Amino acid sequence: MFLVFFSFFFFFFFFQAEDGIRDVERSRGLGDVYKRQVLEELLAAMFGLCKSVVIDAVVDEAVPIIKNIASHRKGKMTPEAISETLSNSCTEKNIRSVATITARVVTLKDEETPRMLEFYVKTISSDANPLKQKLAYMIIGNIGIKKDLQKFTAINELIDKQLLSASEEMKINVAICLGNLAVGNKDYYLPKIMDKLKGEKKLGYLMLVALREVAVLDNEGIFKCAKDLLPILKLQANTDDDGNRAIIAEIIGKLLTIDAAPIVKEVTANLKDKAANVRATYALSYKYWYGKGKQDLTYFREAFPQLLELLKDENVKVQAAVLETLIHIAHLNPINLRAYAVKIFAEAIPLTVFKKNLVKIVNLGPLDHRIDEGEAVREGAYILLDNMLEELNDKMELPMLADRLTYGLADESDEVQATSQQILAKLCRLSPGTILGLLAKFLQEIENAVDKLVKKLNKKQDVERATDSMRGFLKAFAAIGKVPEIDLNENFQGCKKKLMADPIVKGIFSELTKSID
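Keep in mind the model is a prediction, meaning the values are calculated, not measured.

(A) Focus on the packing of aromatic side chains. Per the stated rule, a full pass over the model turns up ten aromatic pairs. Between Tyr-188 and Tyr-189, the ring centres sit 4.7 Å apart and the planes meet at 85 degrees, which makes this aromatic pair edge-to-face. Centroid distance Trp-289 to Phe-300: 5.1 Å. Interplanar angle 80 degrees. Geometry classified as edge-to-face. Of the two residues, Trp-289 is situated in helix 16 (residues 276-289) and Phe-300 in helix 17 (residues 298-309); the sequence distance between them amounts to eleven residues. According to the relative accessible area criterion, Trp-289 is buried, its value standing at 2%.

(B) Highlighting the side chain of Thr-239. Among the secondary structure elements, Thr-239 is positioned in the loop between helix 13 (226-237) and helix 14 (242-258). Side-chain polar atoms of Thr-239 contact the backbone nitrogen of Asp-241, separated by 3.1 Å. Residue contacts for Thr-239: discarding those within four places in its chain leaves Asn-244, Arg-245 and Asn-277.

(C) The arrangement of the nonpolar core in detail. Within the largest apolar cluster, 156 residues are counted, with the highest numbers of intra-cluster contacts made by Leu-401 and Ile-480. With near-sequence residues (within four places) excluded, Ile-480 lies in contact with Leu-424, Cys-428, Ile-435, Leu-439, Phe-442, Leu-443, Ile-446, Ile-486 and Phe-492.

(D) Broad picture of the pairing of strand 1 (residues 359-364). With six bridges connecting them, strand 1 and strand 2 (residues 367-372) associate as antiparallel partners. From the neighbouring strand, Leu-364 faces strand 2, where its bridge partner is Leu-367. Joining the antiparallel neighbours strand 1 and strand 2 is a turn of two residues, in which Gly-365 adopts a positive phi near 85 degrees.

(E) Focus on the pattern of salt bridges. In the structure shown here, the tally under the stated rule is 30 salt bridges. Residue Lys-192 is joined to Asp-160 by a salt bridge in which the shortest nitrogen-to-oxygen separation is 3.6 Å. Residue Lys-192 is located in helix 10 (residues 186-199), and its partner Asp-160 is located in helix 8 (residues 153-165); the two are separated by 32 residues in the primary sequence. For Lys-192, a relative accessible area of 17% corresponds to the buried category. A salt bridge links Lys-186 to Asp-218; the nearest nitrogen and oxygen atoms lie 2.8 Å apart. Here Lys-186, found in helix 10, pairs with Asp-218, found in the loop between helix 11 (204-217) and helix 12 (219-223); they are 32 residues apart in sequence, far enough to count as distant. When its relative accessible area of 23% is taken as the criterion, Lys-186 is described as partly exposed. Within this structure, Asp-160, Lys-192, Lys-196 and Glu-200 form a network of salt bridges that share partners.

(F) Inspection of the packing of helix 13 against helix 14 at higher detail. Taken N-terminus to C-terminus, the directions of helix 13 and helix 14 make an angle of 155 degrees; their axes are 10 Å apart at the nearest point. If you check the angle between helix 13 and helix 14, you find them roughly antiparallel. Between helix 13 and helix 14 lies a crossing of left-handed hand. Every residue of helix 14 that contacts helix 13 at Ala-226, Leu-229, Leu-230, Leu-233, Gln-236 and Ala-237 is listed here: Arg-245, Ile-248, Ile-251, Ile-252 and Leu-255. Considered class by class, the residues forming the contact of helix 13 with helix 14 number nine nonpolar, one polar and one charged.

(G) Main features of unusual backbone geometry. We note that Lys-460 has phi near 60 degrees; this positive angle belongs to a residue other than glycine. In this structure, Lys-460 sits in the loop between helix 24 (439-458) and helix 25 (463-480). Residue class for Lys-460 comes out exposed when judged on its relative accessible area of 65%. Backbone geometry places Asp-462, a non-glycine residue, at a positive phi of 50 degrees. Within the secondary structure, Asp-462 sits in the loop between helix 24 and helix 25. Owing to a relative accessible area of 41%, Asp-462 belongs among the partly exposed residues under this scheme.

(H) Broad picture of the confidence of the model for the chain. Taken as a whole, the chain shows an average pLDDT of 85; of its residues, 84% reach a score of 70 or greater. Per-element averaging of pLDDT across the chain places helix 1 (residues 2-23) at the bottom with 41 and helix 19 (residues 341-348) at the top with 97. Confidence drops under a pLDDT of 50 for residues 1-30, and excluding neighbours within four residues, the segment shows 43 contacts in the predicted structure. A low-confidence stretch, residues 49-57 stays under pLDDT 50, and its non-local contacts, those more than four residues away or across chains, total nine contacts.

(I) How the structure looks around helix 6 (residues 113-126). Counted at 1.5 Å a residue, the expected span for helix 6 with its 14 residues is 20 Å, and the 20 Å between its end C-alpha atoms agrees. Within the span of helix 6, buried status applies to Thr-113, Met-116, Leu-117, Phe-119, Tyr-120, Val-121, Thr-123 and Ile-124. On its buried face, helix 6 sits against helix 4 (79-88), helix 5 (95-105), helix 7 (130-146) and helix 8.

(J) Seen up close, the environment of Asn-88. As for its position among the elements, Asn-88 is in helix 4. Judged by relative accessible area, which is 44%, Asn-88 ranks as partly exposed. Spatially, the C-alpha atoms of Asn-88 and Lys-132 are 9.2 Å apart, while their sequence positions differ by 44 residues.

(K) Seen up close, the environment of Thr-325. Residue placement: Thr-325 occurs in helix 18 (residues 316-332). Remark: the alpha-carbon pair of Thr-325 and Tyr-288, spanning 37 residues in sequence, is separated by 8.2 Å. Those residues in contact with Thr-325, other than ones at most four positions away along the chain, are Ala-283, Leu-284, Tyr-286, Lys-287 and Leu-307.

(L) Region of the structure containing helix 21 (residues 398-408). Residues of helix 21 that are buried: Leu-398, Leu-401, Ala-402, Arg-404, Leu-405, Thr-406 and Gly-408. Looking at the buried residues of helix 21, the elements they touch are helix 19, helix 20 (375-392), helix 22 (414-430), helix 23 (432-437) and helix 24.

(M) Summary view of the side chain of Arg-279. In this structure, Arg-279 sits in helix 16. Look at Arg-279 and you get buried, because its relative accessible area is 12%. Looking at Arg-279, its side chain comes within polar contact range of the main-chain oxygen of Lys-274, at 3.1 Å. Residues contacting Arg-279, with those up to four places away along its chain left out, are Asn-270, Leu-271, Lys-272, Asp-273, Lys-274, Leu-310, Asp-313, Asn-315 and Val-318.

Analysis parameters
Within each chain, residue numbers correspond to sequence positions counted from 1 in written order. Restriction of local features to residues with pLDDT of at least 70 applies here, the model being predicted, together with a cutoff of 80 or more for giving and counting side-chain atom pairs; totals for whole chains, interfaces and linings are based on all residues. Excluded from the side-chain calculation are hydrogens and water; included are all heavy atoms of the structure. Only Phe, Tyr and Trp rings take part, Trp by its six-membered ring, and two of them pair if their centres are within 6.5 Å. Stacked means planes under 30 degrees apart, edge-to-face means over 60, and tilted covers everything else. Counting from the N terminus, the helices are DSSP H or I runs at least four residues long and the strands are E runs at least two residues long. Residue burial is assigned from relative accessible area. The probe radius is 1.4 Å, only protein chains are included, and a residue is buried under 20% of its type maximum, exposed over 50%, and partly exposed in between. What qualifies as a polar contact is a pair of N or O atoms within 3.5 Å, subject to a donor-acceptor requirement within protein and to the restriction that residues adjacent in sequence count only when both atoms come from side chains. Contacts between residues were defined by any pair of non-hydrogen atoms, one from each residue, lying within 4.5 Å. The criterion is simple. A nonpolar core is a set of buried Ala, Val, Leu, Ile, Met, Phe, Trp, Tyr and Cys residues joined through side-chain atoms within 4.5 Å. Two strands make a pair as long as DSSP finds a minimum of two bridges between them. Any carboxyl oxygen of Asp or Glu that lies within 4 Å of a side-chain nitrogen of Lys or Arg is treated as forming a salt bridge with it. In this description, a line fitted to the C-alpha atoms serves as the axis of each element, helices being fitted only across the stretch in contact, and the angle between N-to-C directions of two axes falls anywhere from 0 to 180 degrees. Roughly parallel refers to an angle under 35 degrees, roughly antiparallel to one over 145, roughly perpendicular to one between 65 and 115, and oblique to any angle outside these ranges. Crossing handedness is defined as follows: a turn of the near helix away from the far one that is anticlockwise and smaller than a right angle gives a left-handed crossing, while the clockwise case is right-handed. In the scheme used here, Gly and all other residues not listed as nonpolar or charged are polar, with Ala, Val, Leu, Ile, Met, Phe, Trp, Tyr, Cys and Pro taken as nonpolar and Asp, Glu, Lys and Arg as charged. Scored between 0 and 100, pLDDT is the confidence that the predictor attaches to each residue. What a helix should span is 1.5 Å times the count of its residues minus one.

Below, the structure written as structure tokens:
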């Protein structure tokens, strides 16, 4: 579809433009400018189409079309000119598409590749436009995926220099480029990346970014280095940096998806490591091990019980990592949790409890800052229970869950409140009797919350947040209103009368009920 539409667009529009140039007397220079404008418009249209498709699926078709446009009739363009024209169509949204196509177009002839690489090195070194520099790195990276660039010393020297001196944002692009080069020559670049990861602490995050690129683009290639790589990753995992740990977990997860047999014993052993950061990292790796596609889950199922044991870990980082992994599985396919659902529910319920000992007061100058270290765990526990509810409610003690919701609705965390509201609405449909058994508590918590939010709105305090929270509580109230025979309940009617007495509440509730109906 892409090729048919674009080919029609190209031949209809471009040949008419050429006829216009031929029929009207123009100077050679003006004709070239006009043709360049036509090309840029065509490219802009093409990238607009590419937003709705996977660019890799159409790039092979797009490249010859662009090449034909660029070399059409008398106005043959050099690879540099083509690249400049393509870069003029580049935005932050389509930069990956532009880089992929540009790299392919300007290297169709092997003899032109060295000159174009020098062109992009010069662009990075001399151009002050960050978008063009970023694009140049991405083009070099795309070329490096297909071609071995070890011998291009100017590129290697530039990368080494920029990893230390570029802006923080640009360093990420440099690291991604290095990872791409490693795909084209693993024997040279992967040891280089691992050496920097071991020996240069300030480059740790950047080298992990580079390794992630290799793991995503060539996971079988990186697996060949697993024996040397895993000990390095374990050392790096013992860090308080959440970003570093997340990337390490992703890389380990990718290794497990390729062939778990040789490494699963080492991975599961690290779930019992003395360092909490290591346990948290390896717990999170299960999230990336369990993917969307078809895969052999034999080793995953064998290793799964060890993961569940960490729900009882004393460290909140470890608990949060396990919950994130379980949420991922429950979201993709909750049925795979059925055999463990009773145990998961029993372990998750206590994690919804607010713990005062996890609240820390940190002095930040003139004001003290309150940090709730248990918040992420409570949020994760409620989200997990919400994801399990539709498919696994027969394995859950719904009265116990409903009781915890009375606390969740009053929690200080907006996320916990919002998730509790969603669970409450589902329970109204799945187990209305459970809701009626705790109706007085639910109505009281809703009244208390709405009353506080009305005061904030009247004082014009945090209006957007307060309004969103108000909608959530009123949606929960509306869900209760659909429980069979609820209209006969005096408590419900009294609560409704009290809530609707406030014009702000009545207006928001009226809008909600219209949209729900």
